[in-house]
Amino acid sequence: LTDELWTAILSSRNVAGTEWECPHPSGDGTYCLFHRDSENTSGDEAQAVAEALATVESPPPEEPNRTQFLGATFDTAEFSNVDLSVPEESRLDFLGATFEGPVSFTDQHLRDPSFSGATFQDTVSFKRTELEDGCWFKETKFDGVTSFTEASVTGRLRFHGAEFTEFVGFERAEIDGPFELQ
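Values in this document were obtained by computation on a predicted structure and should not be read as measured data.

### Topic: the environment of Gly169
(1) Moving on: With respect to the helices and strands, Gly169 occurs in strand S15 (residues 168-169).
(2) Moving on: Discounting residues that sit within four places of it in the chain, Gly169 has contacts with Thr146, Ser147, Phe148 and Thr149.

### Details of the sheet that holds strand S9 (residues 135-136)
(1) Moving on: Spatially, the 3 strands line up as an open sheet ordered S9-S13-S17, and their pairing is parallel. Edge positions in the open sheet fall to S9 and strand S17 (179-181), since each of these has one partner strand only.

### What to know about the side chain of Ser125
(1) Moving on: Tracing the chain through its elements places Ser125 in strand S7 (residues 124-125).
(2) Moving on: For Ser125, the side chain forms a polar contact with the side chain of Thr106, separated by 2.9 Å.
(3) Moving on: Those residues in contact with Ser125, other than ones at most four positions away along the chain, are Val103, Ser104, Phe105, Thr106 and Ser147.

### A word on the packing of aromatic side chains
(1) Moving on: In the structure shown here, the tally under the stated rule is 27 aromatic pairs.
(2) Moving on: Taking the centre distance of 5.9 Å and the plane angle of 65 degrees together, the rings of Phe74 and Phe94 count as edge-to-face. In this pair, Phe74 is assigned in strand S1 (residues 73-74) and Phe94 in the loop between strand S2 (77-78) and strand S3 (98-99), connecting sequence segments 20 residues apart. Take Phe74 and Phe94: they sit in the same class, and that class is buried.
(3) Moving on: Between the aromatic rings of Phe126 and Phe137, the centroid separation amounts to 5.7 Å while the plane-to-plane angle is 80 degrees, which identifies the pairing as edge-to-face. Separated by 11 residues along the polypeptide, Phe126 in the loop between S7 and strand S8 (130-132) and Phe137 in the loop between S9 and strand S10 (141-142) bring together distant segments of the chain. Phe137 shares its class with Phe126; the two are buried.

Conventions adopted
- Residues numbered from 1 in each chain as written.
- Predicted model: local features only at pLDDT ≥ 70, side-chain atom pairs only at ≥ 80, totals over all residues.
- Heavy atoms only, no water.
- Helix = DSSP H or I, 4+ residues; strand = E, 2+ residues; numbered from the N terminus.
- Contact = heavy atoms within 4.5 Å.
- Pairing = 2+ DSSP bridges.
- Polar contact = N/O pair within 3.5 Å; in protein donor to acceptor, adjacent residues only side chain to side chain.
- Phe/Tyr/Trp six-rings, centres within 6.5 Å; stacked < 30°, edge-to-face > 60°.
- Buried < 20%, exposed > 50% of the residue type's maximum accessible area, 1.4 Å probe, protein only.

Dropping the structure here:
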């Protein structure tokens, strides 16, 4: 992401300037589970923490938003059948995240999630996923097979500057809003 785009994205998340402070607790005194070198974090450990943090109550304005996983690194991420609901005024935000292994959001209900600048290095499934109020995939890289089979989208589905190196499928997907490929 360019510095200008990064600043604009952070501004849209109520962050002044170009520095974002991770809201997740540091397990080793330096970096949280999501910002450590993935070789030093087990996928199960990171996923368990992500699930717990994604369901926290909405923080007061002065508290960090724990539904943000900006620049996070995930190994294999199996989010199927996990409650990833977030408070009304929050969103799951995976800006610049890297998913190194297979990822599944199968059977999820996600409200206005953002995967802008994220990289999916393996397969990713949004099978039967409900994306309420749209979804952002700005400058997202999909290096594996990507499936939106039977997904339901209300609102804008945006793939501005996204790159697909493998097959992407939308079999029986319902999109009730603009579908943007730019």
